[in-house]
Amino acid sequence: MDRVKSSMQQVPNPIPKVLSRRAGGANSLEAEKENFERSQAVSINKAINTQEVAVKEKHARTCILGTHHEKGAHTFWLAVNRLALSSNAVLCWKFCHVFHKLLRDGHPNVIKDSMRHKADLNDMSRMWGHLSEGYGKLCSIYLKLLITKMEFHIKNPRFPGNLQMSNRQLDEAGENDVNNFFQLTVEMFDYLDCELNLFLGVFSSLDMSRSVSVTAAGQCRLAPLIQVILDSSHLYDYTVKLLFKLHSCLPADTLQGHRDRFQEQFKKLKSLFYRSSNLQYFKRLIQIPQLPENPPNFLRASALSEHISPVVVIPVESPESEHVVETEDLVDMDIPPLASTVDSKFDDLFGTSAATDPFNFNNQNGMRKDEKDRLIEQLTAELRAVKEELESFRLESGRLCQALRGRVNELEAELAEQTHLKQQALGESEFLRVELDDLRRVKEDTEKEQRSLSEIERKAQANEQRYTKLKEKYTELVQSHADLLRKNAEVTHQMTVARAAQDEVENVKKEMQDRLKAAQDATSQQEKTQLEQLQALQAELMSSRSELETLKSTITSSQQSNEQLNTQLSALEAEKAGLIETVSQKEAELASLGVELKCVQSSLTNERESGVKATEALQNQLNEKESREQSLESELVSLRWVALRAALEEAGRIVQDCLNQLEDPAHISCTSSADYLVSRCQVALDCVERLQSARDGFVSDNTDVSGLVRAATQFAHLVGDVIVQGSATSHMVPVEQADALADNVKACGAEALALLCQLKEQESVGTADCSRLRAALDTVMVLGEKLRPRGLELQQGELGDLVEQEMAATSAAVESAAARIEEMLNKSRAVDTGIKMEVNERILASCTDLMQAIKLLVLSSKDLQRDIVESGRGAASMKEFYVKNSRWTEGLISASKAVGWGATMLVDAADQMVQGTGKFEELMVCSHEIAASTAQLVAASKVKADKDSPNLSRLRQASKGVTQATAGVVASTKSGKSQIEDTETMDFSAMTLTQIKRQEMDAQVLVLELETRLQKERERLGELRKKHYELAGVAEGWGGEEEGTG
């Protein structure tokens, strides 16, 4: 037992032995490098091969570890350059998958090392782009994506290959510059467009009606989408955060283009994520997130808190598969069973044969051998059980570790999201707090200004009232002072008059005294000189005395009046003194009031100055607001022009894209009808008129740009529709007309682009002329009118008459054909004899039956059409019903024409056959053609009929009769042909061997020529039927319902 245990302990572990053998060769750096390059080359060749299966993870993981080992991708590119990527699309596709993994998870220097091969990748992308389906087109799209990814990481080195960044790192990537964030958002949009293009390309190349995700070929195409999903989730998250940041710094109108582009990408990405999550292949490899129902509202800043970053979770891989992969990766040979290993080792130690080994313990004692075997088996079973338990424990622990890692990742993502939300909430709270403080400060300043203004207004009103009162009081004082002055003037005038009267009295008194003195002197002189005149003088003296007495009385009265005047004067002087005193008092009061008025005026002046200062301050603020409004108005005008230019540029891109579609080979399969093209041209001409009106309105009033933007957008779509439909219509017409139509459509597109360029410039927007574009559209419309089928040129009022005419003509043609057949039958009976007469009678009789059946069918069709018109026209007339259902009417007309034409051709063929100049085959072909034409007439007649109509049942019975009569014509023709051919026996009795050989060779040559001619005629027949179908489809308007879609 001890020897068994010791022998089992000496058994080495095979896995470390193999690993030690592998590591034993690395004795030097060069040998290690050579082994590394060899192992990398083996892994790359295993990962990138021509088998249409998905790349194995272990080979891709080895390539990724190799880039980290050598810190670059030099070895990878050395191995890839030896592969024929340009000759095998599957090989190139798997190379793109492995290269994508290296760009994401490889060493950071992989991107720098790979930029040297950018030109080769561009050339390869263009080369594979010439293929329109299969892996070639997918390789072209994938190579463009990889080039875009390398350019993005070179321009933005802060972003790692796997695009995993924190919010702080994302802010640092933009360097807190709004221009950098704006440009970074545009680059992310371009990057995400490439990812979505690959997504759509892969899905469009797969047949989703089958379970393609469980096939090797389907998994080969779907495997790279895992990397695309990982990249797209990060790009979507960063784009949302950057757009919220941009909306917090820039006006919403400036970011309209960003929002529109995001909306489009959001719809595509949501749809693709949903479609991917339903595939069985992705369910076991990756957990795809689901985007919200509606995109974020960037115009509402708080919506950022509602955004949840999409997290892609890689589920735990199957432990059994991991174990198998690790075992296959580390060990190159099978591990022998433990029991056999122990037995062989035991035999090596103690011998293998009882005959040659004297120490053969197996034969020494039977009981001992059984005990040893039992112990060995028991120990082996225990060891195997322990190993299985250990393996199950290891697998369970691995599964738990993976589950815990996944949970930790989810919790970390949730923690990061919560941290982000917290930071965002803090930032938004800080922003709102600052904004609230600013608003409070502005509110306080406004309230202070309002209070100061109200206080100034109140003081101004009080001063105004006070000034009004003082002014009124001053006016009263001035009035009273004027009255006093007027009274003073009157008193002074009275005193002057009194003084004048007193002076006059004194003058009279003085004059009288002077006269008295003169009289006394004269008297004395007369007494002295003229004694003789004494008596005269006495008389005169007496008169003088009387006069003197009179004068004395006058003087007395004057003195009395003078005394009275003196009394009045003294009274007036006293009154004057009182008035002077009153005036002095009033002047003193007036002086005090003047002082007070000056104080009030000074205070009022001060108040006015403060009011003027406040007014000036308010006027300055008003001027600042006006200047700010002017700047905002100018900025608004520039923004209007920016928006207008953006809309016009987008319209130009739409028109240019439609022009580019004309050069796309895939567009050749698109077709349209001339009728639809004419309708699109008419709508486009109306839109050109609206664009002209909108342009005139914008020139007259440039504040409203919405009308011109709407008109330009609709104009671009309609002109692009005319271009596409014109090119699609050219695919259905002859070459010359197609070239003319294509050239005019291109000229129309060029004129549209020229007009949009004129509208983009402020100098030329007023002189932009739509006449050349209108002329180009008129030319296209004229060409479309020429290409319209003749049936559409009929006036609608003529359709009802034309139906009746065609049905009558068909009946007449059938009647004429029956009469001619009857006439030919009579002629044949009179001229022919024997087998020929029998054959002609049988064939003409079957033709007569066919004409009768056709006649019955036409009559049944007329009855059914009459029922349809009566039941469907209502209060309208029959012609109005036919006009209303013009497509159905035109089908009836075409079917009637075909039936009449077929009957005429059948009669002509029968006539030639009876005369001996025709062929039996022509008669059979005419019979088949009549059957097809009658089937068309039946289909056109019953398309609007009631399924329970008795006339419809009769029409069906008549149709069956026509089919049976047609079969009778074909059968009688074949029978007659065989009878006539049997009479023509071949007689070779008179021919020699050489002549027979010659005839045989001629017959073989004729057979080959006929076979070749038959093949060519069949091809020609096929082309004729195809062209007939196309022309008939255009004539019947089959493409009208599809509205020009290819």
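Shown above is the structure to which this text applies.
Rules used in this analysis
Residues numbered from 1 in each chain as written. Predicted model: local features only at pLDDT ≥ 70, side-chain atom pairs only at ≥ 80, totals over all residues. Heavy atoms only, no water. Core = buried A, V, L, I, M, F, W, Y, C linked by side-chain atoms within 4.5 Å. Buried < 20%, exposed > 50% of the residue type's maximum accessible area, 1.4 Å probe, protein only. Helix = DSSP H or I, 4+ residues; strand = E, 2+ residues; numbered from the N terminus. Contact = heavy atoms within 4.5 Å. Expected span 1.5 Å × (residues − 1). Arc of directions from axis to C-beta. Axes fitted to C-alpha atoms, helices over the stretch in contact; angles between N-to-C directions. Parallel < 35°, antiparallel > 145°, perpendicular 65-115°, else oblique. Left-handed = near helix turned anticlockwise from the far one by under 90°. Phe/Tyr/Trp six-rings, centres within 6.5 Å; stacked < 30°, edge-to-face > 60°. Lys NZ or Arg CZ within 6 Å of the ring centre and 35° of its normal. Salt bridge = Lys/Arg side-chain N within 4 Å of Asp/Glu carboxyl O. Nonpolar A, V, L, I, M, F, W, Y, C, P; charged D, E, K, R; others polar.

Novice: Describe the nonpolar core, with residues and values.
Specialist: I48, F76, F95 and F159 are the most contacted members of the largest nonpolar core, which has 91 residues in total. Looking at which element gives the most residues to this core, the answer is helix α13 (residues 225–247), with 13 residues. Here F159 is in contact with F152, H153, M165, L170, A173, L184, M188 and Y238, once residues within four sequence places are set aside.

Novice: Just give me the short version of the environment of A684, but keep the residues and values in it.
Specialist: Among the secondary structure elements, A684 is positioned in helix α20 (residues 674–700). Sequence separation of A684 and L718 is 34 residues, and the distance between their C-alpha atoms is 5.4 Å. Every residue in contact with A684, bar those within four places of it in the chain, is listed here: L718, V722 and L777.

Novice: Residues and numbers for helix α14 (residues 256–277), please.
Specialist: The end-to-end C-alpha distance of α14 is 32 Å, a good match for the 32 Å that 22 residues give at a rise of 1.5 Å each. Buried within α14 are the following residues: H258, R259, F262, Q265, F266, L269, L272, F273 and S276. Within α14, the buried residues cover an arc of 160 degrees as seen down the axis, which keeps them to one side. Away from its buried face, by an angle of more than 90 degrees, α14 presents the exposed residues K267 and Y274.

Novice: Lay out the packing of helix α6 (residues 89–105) against helix α9 (residues 134–155) in plain terms, naming residues and giving numbers.
Specialist: Closest axis-to-axis distance for the α6/α9 pair is 9 Å, and the angle between their directions is 20 degrees. In terms of orientation, α6 and α9 fall into the roughly parallel class. As for the relative orientation of α6 and α9, their crossing is left-handed in sense. For the pair α6 and α9, contact is made by A89, V90, C92, W93, F95, C96, H97, F99, H100, L103 and R104 and by Y135, G136, L138, C139, Y142, L143, L145, L146, K149 and M150, respectively.

Novice: Which residues make up the packing of aromatic side chains, and what values do they have?
Specialist: In the structure shown here, the tally under the stated rule is 19 aromatic pairs. Aromatic pair F76 and F95: ring centres 6.4 Å apart, planes at 15 degrees, arrangement stacked. Of the two residues, F76 is situated in helix α5 (residues 74–80) and F95 in helix α6; the sequence distance between them amounts to 19 residues. With respect to class, F76 is no different from F95; both count as buried. Among the aromatic residues, those joined into a ring-pair cluster are Y236, F244, F262, F266 and F298. Lying over the aromatic face of Y135, R221 brings its terminal NZ or CZ to 4.4 Å of the ring centre. Over the ring of F181 we find K245, and its NZ or CZ is 5.5 Å from the ring centre.

Novice: Could you give an account of the pattern of salt bridges, with specific residues and numbers?
Specialist: What the rule picks out here adds up to 23 salt bridges. The shortest N-O distance in the salt bridge between R116 and D113 comes to 3.5 Å. Between E391 and R394 there is a salt bridge; the shortest N-O distance is 2.5 Å. Of this pair, E391 and R394 both sit in helix α18 (residues 366–529), separated by three residues, roughly a single helical turn. Residue E391 is classed as partly exposed on the basis of its relative accessible area of 24%. By relative accessible area, which is 36% here, R394 ends up partly exposed. Salt bridges here are not isolated pairs; linked through shared partners, they connect R104, K149 and D231.

Novice: For the packing of helix α21 (residues 706–730) against helix α22 (residues 735–760), give the residues involved together with the corresponding values.
Specialist: Running from N to C, α21 and α22 cross one another at 165 degrees; their axes reach a closest spacing of 8 Å. Comparing their axes, α22 and α21 come out roughly antiparallel. In this structure, the crossing between α21 and α22 has a hand that is left-handed. Of the residues in α22, those in contact with F715, V719, V722, I723, G726, S727, T729 and S730 of α21 are A738, L741, V745, C748, G749, A752, L755 and L756. In the contact of α21 with α22, the residues fall into 11 nonpolar, five polar and no charged.

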